[in-house]
Each structure stands twice: as structure tokens, then as C-alpha cells.
Amino acid sequence: MTKDKQSWFRGVRSSKFRHVYGVPAKREKCYDNIKITKNAHDSQFCAVNPKFLAIVTEVAGGGAFLVLPLDRTGRLDFNASRVTGHTGPVLDIKWNPFNDNIIASCSDDCTIKLWHIPDGGLSRNLTEWLVELQGHKRRVAYIEWHPVAENVLFSAGFDHLVIVWDINKGEAVNIIDRHPDVIYSISLNRDGSLLATTCKDKKLRVFEPRSGIVVSEGVCHAGTKASKVVFLGSSGRLLTTGFSRHSDRQYAIWSQHDLNIPLTCETIDSSSGVVFPYYDNDTNMVYLAGKGDGNIRYYEIVNEAPWMHYLSQFISGNPQRGLGVMPKRGVNTAICEVFRFYKLHATRGMCEPISMIVPRKSDQFQEDLYPDTVGTCPALSARDWISGMNNPPILISLKTGGSITTHKPRVYKPPQLPPTTDLNNKKKFAFLSTETVPDYRPIEFHDMSEKSQKTSSNQSTKFQQLQQKFGNVVLQKNIISPPLNDNKVLENVDIPNNEAELRLAFVRQTDELRLVRRQLANSQLRVKELEEQIRKLQRQ
């Protein structure tokens, strides 16, 4: 009895996030008249960063998603431009954390594609991709960018494989083939050194992604419906959501080193929608949102039992089909916004921003709400991470850098770094695009698809024919193969010093290529005319 009295008198737990509340955007600040996909796949179908909002749309006979500049709110034009390069429905989309203009998408057509979105948004349908990754034998369900290493991407497919990709080379770094059934979700810890997955066989697994070694595994939730997992930052713990044997929705918290028994497991409710967890490392808050629910519950994570405390919930009468999450560098610190969702309505074609706000009277910057957060500078290159290095993410201050919408400007300046960065500059150039040129991908990516193989082989054949016919030695030197005996020419042509020179060389070669194509077309016409004259003479 005394014990009960003591627990009753313990009082309300103190927390600065206890009174966090959600504020939906006004109608004119929403995105309306969008044909949101009706696909039953357990994905968000929405991705957002400080520059763009991307939403998977419903189309017939292919896959497409919409990309809008963040400020283009209101009613959408019916014929708005889309990204339409996939031949099957798009299942997941994710923005590159280190470049706000690059987005990755995976699809029913078994491919992953990377796209470059111009700063002002799309002026026409985008069908030309930067990179195409082919390796999955069945549709690709989920993709995830590495949190600290540049140009490393993870994908999970219905072929029960998780593939780690090096985007620079367009090839797989590692293929993890340790799942006997469909993979339900993937998550990376804060420095990207561990990968967690949930699977239809009801098991939660933690991998070392470079080697594919299973660090630990255990039975997750006993129910048959999909379970989801998210790392709780660098705390060494994971959160899973799923269903009990009796179809009640649950959440559980686990130690990443021992997945035999959860640290805690609690019932949420008895609804049927899959619950998606969202973790905010800066505030140690977790948001749980069910598909088809109208509400979003939020909790605070602590470092001792019971590990997670319920705070409150945002309630809405409109059910959600998916939720996109704004990176912390894109929130509005002036109104004490700590998280922002972009909610896709299930019953009408609308995307509605929802701001989670901590009530504070002062309009000064709140240091305790906004510790330094993840920025857009990668801590590692793909090569460094693949070779075994781990680094924590590079952080930025929201007080000084929060108002910047992109940390990777389109205007490139010569780097103030040693010459060893030339390789990195070459790799970054892969993500530059020129709208007027149909095939703007660098040469190292040309062997990634059948289409580009044909293009490159056809072009090289035409070049050889032209060289034989016209003996254009200058063209041969500049475009096909720089002379190996002249080091100065080799330095100038093959390895420009910075991005600006690379771009100039690229534009110059493009112009020459266009000229050569025109000459080739004229010569082919002339050949046809001569053949016709020969035929006439033969008849006479």
C-alpha cells in the first residue's frame, strides 16, 4: 500500500517537450490537386528537403513522381512536370543528404535511378537519369542513403537481398543475402557502421554492412503484418514497431548487441495500419504514425528503464497515406519548430505540412532546443567508408546556418585544397547536368545500362568512321584519346584542375560532338544521293 502511495505521489515527469503540439498548415500553404499514388506498398511515397518536395503519383503504365520547389504551394496545375523515367510503379524515393538537387528512386522495374533536379524545379517531364543501378532480380522496395559517407546507397528488394552501392562506380560494394523472406524495413545507425533490418520471418537483424556479417539477431514481433525498425541515434539501442500475435500494435526497444529479449515492449492500440517510427536525434523524441491513422503519437527517449515516455499526440480527422520528414536544417527556429511532417492525405489529393512546436514565449534562438545538427558535408568519401573507416557526422549550428536552403551551391569555385582533391572533383562532376544535351552523363557511367552502351558504342563507331574519312587529328586528340607522350597536353585535356575547367571542357566537347553529328548526317545524305545517281546510271 505504501509503495502504491509513493508511486502515486511521484508527480508529473518533468520534460521540456511535454507540451509539444502539432500545427497543421493553412490551406493556402498546402499542396493541393495531387494524384497521390494508391499503391499498397508500405512506404512513405514522400520525400522533402529545404529546397524540394517529392511525391510519388498515380500514373498508368509506368512510374512517376512529382518534384515541386518548396514554396510552390496552393493548387497544382494538372499538367505539372514529373520525373517519368521508370517503367514500373515507383516504390520509394529519398533525397541525397549531401546534395539537395539529387534524388534517388526505386521501382517495380527492378532498378534504382538517380535524378538531378534543376534549382527552379522541372520545366518539362524528366526522363534522363544520372545513374541507373541494376542488380536486383525483383522489384526494389526500399532505399536509404548512407548518413555520413558520400555517394553510398543501400537498397532492399523483394529478391530478399540488401545491396550496398557505390554511386561513383555504379556498382555493388556488397550484397547481403541473409534474409529468407521479404524485407520489411532497413535503418542505419548515426555513423552508418551498422545496418538493421526487419523481415517477414519475424526476425530483427543487425549487420556490419561492408562485410555482411550478422552482429546479432532475434525474434522481433510475433504478428504477421509488417514491422519497422529505426536506430535510436548512437545510443546503441533500436526501436521496432509491429504487431502482437493477437494483432495489437506494439513498439519495442532493443539493445543492438542482444536481440534475444527486448528492453521493453508496450502495446499501442488495436488498429490495423502499419506504424512508422521517426526518431529525432537532437531532441531524443520518437514519433509513431500509423498508415491510415489521423493521429501522430510522440514519446521521449531516456537512458534508463522504462526507456521511452509517452508525451502526447497530434490528432487529425484526416487519415494519412504517407509522411515525409524535413531535415532539421530546414525547420523554422523562430517559432520553436522542432520537427516538420509533410502529410499525404489518404482521402484527397493533398500534402499538408504539420509543424511540431515547443511553446516558448521568447523569440530568441533557443539553444537547448537546437543543438548542432547534421549538415550537408559528408564526413567520409565512399572509398574511405568502403575501406573500413567510420566517422561521426559533421554538424552545423542552426543559429548561424539554419537559414541556408542549400549547402551545395550550383556555382562552383576553384577549391582551396591540395591537388589530391582532383579525384573528388571528377566524381562530383558526375552530378552536373546540362538540360539541352540529351546524354550528359560522364563516360564512367556509360556502361551501366543497355541504352547507354548502345549510345557510346554507336558514337565511338561514328567517330572512327569520321576520322578515317576526314583524318581529323585534332578531334581525335581532344575527344577520343589524349596523347600519352605529351604530358602537358595530357594534364590540360584529361585532368582539369577544378570543376569550372571540367565544366568548360565538357561544354566544349559537347559542341564538338554536336558538330560531328551534323557532319555525319550531311555525309550520310550525300552518300544516299551518290548511291541514287549510281543506280540511275546503271539503269541507263
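Just so it is clear, the structure is predicted and the values come from calculations on it, not from any experiment.

A. The overall build of the protein, seen in detail. Within the protein, the secondary structure is distributed over eight helices and 32 strands. Burial statistics for the protein: of 540 residues in total, 51% are counted as buried. In the protein, the proportion of contacts linking residues at least 24 apart, taken out of those at least 6 apart, comes to 53%. For the protein, the exposed surface amounts to about 26,200 Å²; the carbon and sulfur share of it is 51%.

B. Representation of the nonpolar core in the model. Counting 33 residues, the largest nonpolar core has L53, F65, V67, I117 and Y342 as its most contacted members. Residue assignment for this core shows that the elements contributing at least two residues are β3 (46–48), β4 (52–57), β5 (63–69), β8 (90–95) and β29 (337–345). Looking at this core element by element, the count peaks at five residues for β4. The residues contacting V67, other than those within four sequence positions of it, are F52, L53, A54, V83, W95, I117 and L122. Ranked by size, the runner-up nonpolar core spans 27 residues in total, among them Y184, F276, L323 and L398.

C. Representation of the UniProt feature "coiled-coil region" (unreviewed entry) in the protein. In this structure's numbering, the residues bearing the UniProt feature "coiled-coil region" (unreviewed entry) are residues 513–540. Across residues 513–540, helical content stands at 96% and strand content at 0%; the span's end C-alpha atoms are separated by 41 Å.

D. Representation of the environment of V48 within the structure. With respect to the helices and strands, V48 occurs in strand β3. C-alpha of V48 to C-alpha of K94: the two residues are 46 residues apart in sequence and 8.1 Å apart in space. Setting aside residues up to four positions removed in sequence, V48 forms contacts with L53, L70, W95, G324, V325, M326, P327 and Y342.

E. Highlighting the sheet that holds strand β25 (residues 285–290). With respect to topology, four strands assemble into an open sheet ordered β24-β25-β26-β27, the strand pairing being antiparallel. Two strands in the sheet have a free side with no partner beyond their single neighbour: β24 (275–280) and β27 (308–314). Going from strand to strand, the sheet's axes swing by 25 degrees on average, the running direction of each strand aside. With six bridges connecting them, strand β26 (residues 296–301) and β27 associate as antiparallel partners. Residue Y298 lies in a different strand from β27, and its bridge partner there is S312.

Reading guide: rules and limits
- Residues numbered from 1 in each chain as written.
- Predicted model: local features only at pLDDT ≥ 70, side-chain atom pairs only at ≥ 80, totals over all residues.
- Heavy atoms only, no water.
- Helix = DSSP H or I, 4+ residues; strand = E, 2+ residues; numbered from the N terminus.
- Buried < 20%, exposed > 50% of the residue type's maximum accessible area, 1.4 Å probe, protein only.
- Contact = heavy atoms within 4.5 Å.
- Areas by Shrake-Rupley, 256 points an atom, 1.4 Å probe, with all protein chains shown as cover.
- Core = buried A, V, L, I, M, F, W, Y, C linked by side-chain atoms within 4.5 Å.
- UniProt positions renumbered as here; feature names shortened; annotations may be inferred.
- Pairing = 2+ DSSP bridges.
- Axes fitted to C-alpha atoms, helices over the stretch in contact; angles between N-to-C directions.

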